Amino acid sequence: MQQDPKRKALRQMMLIWGVGQSKGKELVDAGYGTFQDVRRDFESGKLPIPLYRNQCIGLLCCEDLLEKMDADEVEAIAALVKQEANVHFPNAQLQTLGSYRRRKGIYGDVDVLITHPNHVRSVPPTGLGTIVQGLRRNGHIAYHLTNHPGMDEGEYDGSLP
């Protein structure tokens, strides 16, 4: 069963962020065997199956999202986030959490907690969006998968649905 070509192809499709079994099966049934094949047709405008915006980003960034990083890269990313947070919220504190805190050694993402002494009981409604917007404007974020108040939605991903 592990060697069944359709199962292998489905696993490939599900490497695309936002693609589950249903959309993966649809892509496999359309003849796709790898996410690279899907991306080729997507980029040439020949993909016969519609993808949601986040699936498009997942497809375009598939290798990047699958790539692991070391502790130095996690720390560098956390430092960029902390620097941007302090631009908008001076004296903000940042803790790196998740697998980094547990010292797993290789990491697939960076989990951070941003706190501020002036915002102990409530979070500014546009706080996260403002930080993400700043990271985007400074060239540290190419795409985003969610929208938050404080983000200029019109500035993002104009070429994506």
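### Section: the overall build of the protein
- Counting its secondary structure elements, the protein contains 8 helices and 2 strands.
- Counting helices and strands in the order they occur from the N terminus, the protein gives α-α-α-α-α-α-β-α-β-α.
- For the protein, the spread of C-alpha atoms along the principal axes amounts to about 55 × 40 × 25 Å.
- Buried residues in the protein amount to 32% of all 161 residues.
- Here the protein has roughly 10100 Å² of accessible surface; of this, 52% comes from carbon and sulfur atoms.

### Some points on unusual backbone geometry
- In this model, Asn91 sits at a positive phi of 75°, which is unusual for a non-glycine residue.
- Inspection of the secondary structure assignment puts Asn91 in the loop between α6 (71–88) and β1 (93–96).
- By relative accessible area, which is 55% here, Asn91 ends up exposed.

### Observations concerning the packing of aromatic side chains
- By the definition in use, this model includes 1 aromatic pair.
- With a centroid separation of 5.8 Å and an interplanar angle of 55°, the aromatic rings of Tyr100 and Tyr107 are classed as tilted. For the pair Tyr100 and Tyr107, one class covers both residues: buried.
- Over the ring of Tyr100 we find Arg103, and its NZ or CZ is 4.6 Å from the ring centre.

### What about a negative patch on the surface?
- On the surface, a cluster of negative charge is made up of Asp64, Glu67, Asp70, Asp72, Glu73 and Glu75.
- At 3 residues, α6 tops the list of elements feeding residues into the negative patch.
- Here Glu73 lies in helix α6.

What counts and how
- Residues numbered from 1 in each chain as written.
- Predicted model: local features only at pLDDT ≥ 70, side-chain atom pairs only at ≥ 80, totals over all residues.
- Heavy atoms only, no water.
- Helix = DSSP H or I, 4+ residues; strand = E, 2+ residues; numbered from the N terminus.
- Buried < 20%, exposed > 50% of the residue type's maximum accessible area, 1.4 Å probe, protein only.
- Areas by Shrake-Rupley, 256 points an atom, 1.4 Å probe, with all protein chains shown as cover.
- Phe/Tyr/Trp six-rings, centres within 6.5 Å; stacked < 30°, edge-to-face > 60°.
- Lys NZ or Arg CZ within 6 Å of the ring centre and 35° of its normal.
- Patch = residues over 30% accessible without salt bridge, like charges linked within 9 Å, V, L, I, M, F, W, Y side chains within 5 Å.
- Salt bridge = Lys/Arg side-chain N within 4 Å of Asp/Glu carboxyl O.
- Lys, Arg positive; Asp, Glu negative; His and termini not counted.
- Charge placed at Lys NZ, Arg CZ, Asp CG, Glu CD.

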